Amino acid sequence: MGLLDGRRALVFGVANDHSIAWGIAQALHEAGATVGFSSVESLLDRRVRPLAESIGSTFIEPCDVQSDDQIRAVFAKWRTAHGPDGQVDILVHALAFARREDLEGSFVDTSREGFALALDVSAYSLVAVVREARRAGLLHPGSSVLTLTYYGAEKVVSNYNVMGVAKAALEASVRYLAADLGPEGVRVNAISAGPVRTLAAAGIAGFKKMYGAFADLAPLRQNISIEDVGRTALYLASDLSSAVTGATIYVDGGFNIMGVPSADA
Ligand code: NAP
């Protein structure tokens, strides 16, 4: 029997088979959950549908999370597809965006528009998605919400710039949402993942070098995989984490505990 037998998950943010969201979707599916997908329209038919269908998914809907109307439409379609009892047991938010020019050079040069865009897509969208799922009556006692963050929220990471500020807002949003929804039995948590080679990461200047250095510095001396993230997502999605909410859990081989790197690293 799987840990998530009979549970339904909705995953926002698969771009391709390298996406962290895909690692999470696979882990949830392997544990017995039925997984639905929502991604930007341009990715749906070519990229997302084949992956979704490979794990038996039938719910595959477009959504640009900058639009409240599109978010509402996804939940309305979920309701139609799953009926009055078809709530969302696991809601995964694994998406972010910033302009390429804001992911290089100096943070001080970030434009007002670039800042607003990064914060809207990468942080506010979690609030919007959770709010609309709740308004649609799709969250219930036992539902678990997950999002993805990165160490650049806490410490300065070269070139991460405005995305670090967005992730700080996202992590704070997780705590406020957890406090709001806790009395309703809904848990909200974040996974702070180490660097993973994905499309989004490719937009960050110097990512390749940082990715290469990571395994030398992290206590576990290796890069992390989307399967590693999937296993922690499984813990957060399931009753194994029944009393955990508002937390940011690191899946980073211990990188975050290190201060000054050792001389031989
Ligand atoms: P990814 O595969 O490129 O996924 C990012 C997804 O966000 C893409 O599907 C992207 O679509 C989507 N997205 C961007 N703007 C959107 C919008 N307005 N509406 C809906 N979807 C939108 O990259 P990933 O690395 O797996 O990213 C997933 C999450 O993990 C992000 O929150 C990221 O910050 C976080 N994270 C990543 C790393 C890493 O090293 N990769 C580490 C820690 C945390 P488009 O392709 O169309 O933009």
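Throughout what follows, the structure given in this document is the object of discussion. A quick note: this is a predicted structure, and the numbers were derived from the prediction, not measured.

The rules behind these values
- Residues numbered from 1 in each chain as written.
- Predicted model: local features only at pLDDT ≥ 70, side-chain atom pairs only at ≥ 80, totals over all residues.
- Heavy atoms only, no water.
- Helix = DSSP H or I, 4+ residues; strand = E, 2+ residues; numbered from the N terminus.
- Buried < 20%, exposed > 50% of the residue type's maximum accessible area, 1.4 Å probe, protein only.
- Contact = heavy atoms within 4.5 Å.
- Axes fitted to C-alpha atoms, helices over the stretch in contact; angles between N-to-C directions.
- Parallel < 35°, antiparallel > 145°, perpendicular 65-115°, else oblique.
- Left-handed = near helix turned anticlockwise from the far one by under 90°.
- Nonpolar A, V, L, I, M, F, W, Y, C, P; charged D, E, K, R; others polar.
- 1 Å grid on protein atoms, 1.4 Å probe; cavity = no way out; pocket = protein on both sides within 12 Å on 5 of 7 lines; lining within 4 Å.
- Points joined across faces, edges and corners; volume = space filled by probe spheres on them.
- Near = heavy atom within 4 Å.
- Polar contact = N/O pair within 3.5 Å; in protein donor to acceptor, adjacent residues only side chain to side chain.
- Areas by Shrake-Rupley, 256 points an atom, 1.4 Å probe, with all protein chains shown as cover.
- Arc of directions from axis to C-beta.

## Topic: the environment of Ser-192
Next up, step 1: Looking at the element boundaries, Ser-192 is found in strand S6 (residues 187-193).
Next up, step 2: Ser-192 sits in the buried class, given a relative accessible area of 2%.
Next up, step 3: Through-space distance from the C-alpha of Ser-192 to that of His-93 is 13 Å; in sequence the pair is 99 residues apart.
Next up, step 4: Apart from residues lying up to four places away in sequence, Ser-192 is in contact with Thr-149, Tyr-150, Tyr-151, Thr-248, Ile-249, Tyr-250, Val-251 and Asp-252.

## Re the packing of helix H3 (residues 68-82) against helix H4 (residues 112-135)
Next up, step 1: It is at 9 Å that the axes of H3 and H4 come closest, and there the two elements cross at 45°. When the axes of H3 and H4 are compared, the pair comes out oblique. Relative to H4, H3 is oriented so that their crossing is right-handed. Of the residues in H4, those touching H3 at Asp-68, Ile-71, Arg-72 and Phe-75 are Ala-128, Val-129, Arg-131, Glu-132 and Ala-133.
Next up, step 2: Counted by class, the contact of H3 with H4 contains 5 nonpolar, no polar and 4 charged residues.

## With respect to empty space enclosed by the protein
Where empty space is left can be seen by rolling a probe of water-molecule size over the atoms.
Next up, step 1: Across all of its chains, the model carries 1 cavity of 30 Å³ or more by this definition.
Next up, step 2: Considered as a void within the structure, the largest cavity measures approximately 50 Å³ in volume.
Next up, step 3: Tyr-150, Tyr-151, Ser-192, Ala-193, Gly-194, Pro-195, Phe-214, Asp-252 and Phe-255 together form the lining of the largest cavity.
Next up, step 4: Each residue belonging to the lining of the largest cavity can be placed in one class, and the counts come to 6 nonpolar, 2 polar and 1 charged.

## Points about the site of the ligand
Next up, step 1: As a structural note, the neighbourhood of the ligand is formed by 28 residues, with Ser-19, Asp-64, Lys-167, Val-196 and Thr-198 the closest of them.
Next up, step 2: One nitrogen or oxygen atom from the side chain of Asp-64 is found 2.8 Å from a nitrogen atom belonging to the ligand.
Next up, step 3: Taking Ala-200, its main chain carries an N or O atom lying 2.9 Å from an oxygen atom of the ligand.
Next up, step 4: Contact with the protein chains covers 89% of the free accessible surface of the ligand, which is 890 Å².
Next up, step 5: For the shell around the ligand, the secondary structure elements donating two or more residues are strand S5 (144-149) and helix H6 (199-202).
Next up, step 6: It is H6 that provides the largest number of residues to the shell around the ligand, a total of 3 residues.
Next up, step 7: Looking at the shell around the ligand, its residues break down into 21 nonpolar, 5 polar and 2 charged.

## Things to note about the layout of surface pockets
Next up, step 1: By volume, the largest pocket is sized at about 1,100 Å³.
Next up, step 2: Lining the largest pocket are 43 residues, with Ala-94, Leu-95, Ala-96, Phe-97 and Ala-200 sitting closest to its centre.
Next up, step 3: For the lining of the largest pocket, the secondary-structure elements that each account for two or more residues are helix H1 (20-30), strand S2 (34-39), H4, S5, helix H5 (161-181), H6 and helix H7 (207-217).
Next up, step 4: Residue contributions to the lining of the largest pocket peak at 3 residues, all from H6.
Next up, step 5: Its residues placed into classes, the lining of the largest pocket shows 30 nonpolar, 10 polar and 3 charged.
Next up, step 6: Of the voids in this model, the second largest pocket is the one considered here, and its volume is about 320 Å³.
Next up, step 7: Every residue lining the second largest pocket is counted, 15 residues in all, and those nearest its centre are Tyr-151, Met-210, Ala-213, Leu-217 and Phe-255.
Next up, step 8: Considering only residue class, the lining of the second largest pocket consists of 11 nonpolar, 2 polar and 2 charged.

## Details of H7
Next up, step 1: Within H7 the residues assigned to the buried category are Phe-207, Tyr-211, Phe-214 and Ala-215. For H7, the arc enclosing every buried residue in end-on projection is 85°, short of the 170-degree limit, so these residues lie on one face.
Next up, step 2: In this structure, the buried residues of H7 make contact with H6.

## A word on unusual backbone geometry
Next up, step 1: The backbone of Asn-161 shows a phi angle near 40°, a positive value even though the residue is not glycine.
Next up, step 2: Tracing the backbone shows Asn-161 in helix H5.
Next up, step 3: You can call Asn-161 buried: its relative accessible area is 14%.
Next up, step 4: Of note in this structure, Arg-221 is not a glycine but carries a positive phi near 55°.
Next up, step 5: Among the secondary structure elements, Arg-221 is positioned in the loop between H7 and helix H8 (226-237).

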